[in-house]
Amino acid sequence: QVQLVESGGGLVQAGGSLRLSCAASGSTFSSYDMGWFRQAPGKEREFVAAIKWSGGDTYYADSVKGRFTISRDNAKNTVYLQMNSLKPEDTAVYYCALDRDPPPYGSSWHVTEYAYDYWGQGTQVTVSS
């Protein structure tokens with residue numbers, strides 16, 4: 001069983017930055033792709049970013065490309081989401097997730113929540129205008 005715990009959320013002004021962390025339990029963290037999703041009030045959960053198990057490749061939603069950076073430290077069982085140039089529309093609960101059956105390199109990335117098997121409890125990010 002894998003447990004994921006997010007941290008680093010908070011209140012920030014538009015244009016500011018936050019770095020989210022997601023710590024995973026279990027020794028198999030480095031074998032799996034990881035993703036970040038978010039859910040704003042009244043909206044469906046949406047894909048934000050994903051990273052391959054090795055950290056060697058990443059993928060982003062168009063809405064965050066160029067502003068957010070996903071990274072991981074397999075020695076620390078942790079995945080990060082650096083968020084810069086934040087906008088009010090980035091306000092949401094942010095979740096990290098683990099994909100036990102990731103696509104091979106060169107295949108389409110998993111961008112739907114149904115492809116991910118384990119989820120954290122979420123961390124609130126609020127961006128004021």
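On to the state of the cysteines. Counted by the stated rule, this structure contains one disulfide. A disulfide bridge connects Cys-22 with Cys-96, and the sulfur atoms are separated by 1.9 Å. Residues Cys-22 and Cys-96 are joined through a disulfide that is right-handed, its torsion about the S-S bond being 50°. Placement of Cys-22 in strand β3 (residues 18-24) and of Cys-96 in strand β9 (residues 92-99) is noted, with a sequence separation of 74 residues between them.

The strand order across the open sheet formed by four strands is β1-β3-β8-β7, and the pairing between neighbours is antiparallel. Of all the strands in the sheet, just β1 (4-7) and β7 (68-73) have a single pairing partner and so form its edges. Going from strand to strand, the sheet's axes swing by 15° on average, the running direction of each strand aside. Direction of pairing for β3 relative to strand β8 (residues 78-83): antiparallel, over a ladder of six bridges. Each residue of the ladder has a partner; that of Arg-19, found in β8, is Gln-82.

If you look at the biggest cluster of nonpolar residues, it comprises 37 residues, and the most contacted ones within it are Leu-4, Trp-36, Val-79, Leu-81, Met-83 and Tyr-94. Once you skip the residues sitting within four places of it in the chain, Leu-81 turns out to touch Leu-18, Arg-19, Leu-20, Trp-36, Val-48, Ala-49, Phe-68, Thr-69, Ile-70 and Tyr-94.

Locating Thr-78 in the fold gives a position in strand β8. Taking the relative accessible area as the measure of exposure, Thr-78 reaches 9% and is therefore buried. Measuring from C-alpha to C-alpha, the distance between Thr-78 and Cys-22 comes to 5.4 Å, with 56 residues separating the pair along the chain. Apart from the residues lying within four places of it in its own chain, the contact partners of Thr-78 are Ser-21, Cys-22, Ala-23, Phe-29, Arg-72 and Asp-73. From its side chain, Thr-78 meets the backbone oxygen of Lys-76 in a polar contact 2.8 Å long.

Residue position: Arg-72 is located in strand β7. There is a polar contact of 3.1 Å between the side chain of Arg-72 and the backbone oxygen of Lys-52. Other than its neighbours up to four places away in sequence, Arg-72 contacts Phe-29, Ser-30, Tyr-32, Asp-33, Met-34, Ile-51, Lys-52, Trp-53, Gly-55, Thr-78, Val-79 and Tyr-80.

Attention now moves to the pairing of β9. Most of β9 is tucked away: seven of the eight residues are buried. Examined bridge by bridge, strand β4 (residues 33-39) and β9 share seven bridges and lie antiparallel to one another. From the neighbouring strand, Trp-36 faces β9, where its bridge partner is Cys-96. Across three bridges, β9 lies against strand β11 (residues 123-128) in antiparallel orientation.

The rules we used
- Residues numbered from 1 in each chain as written.
- Predicted model: local features only at pLDDT ≥ 70, side-chain atom pairs only at ≥ 80, totals over all residues.
- Heavy atoms only, no water.
- Disulfide = S-S within 2.5 Å.
- Helix = DSSP H or I, 4+ residues; strand = E, 2+ residues; numbered from the N terminus.
- Pairing = 2+ DSSP bridges.
- Axes fitted to C-alpha atoms, helices over the stretch in contact; angles between N-to-C directions.
- Core = buried A, V, L, I, M, F, W, Y, C linked by side-chain atoms within 4.5 Å.
- Buried < 20%, exposed > 50% of the residue type's maximum accessible area, 1.4 Å probe, protein only.
- Contact = heavy atoms within 4.5 Å.
- Polar contact = N/O pair within 3.5 Å; in protein donor to acceptor, adjacent residues only side chain to side chain.

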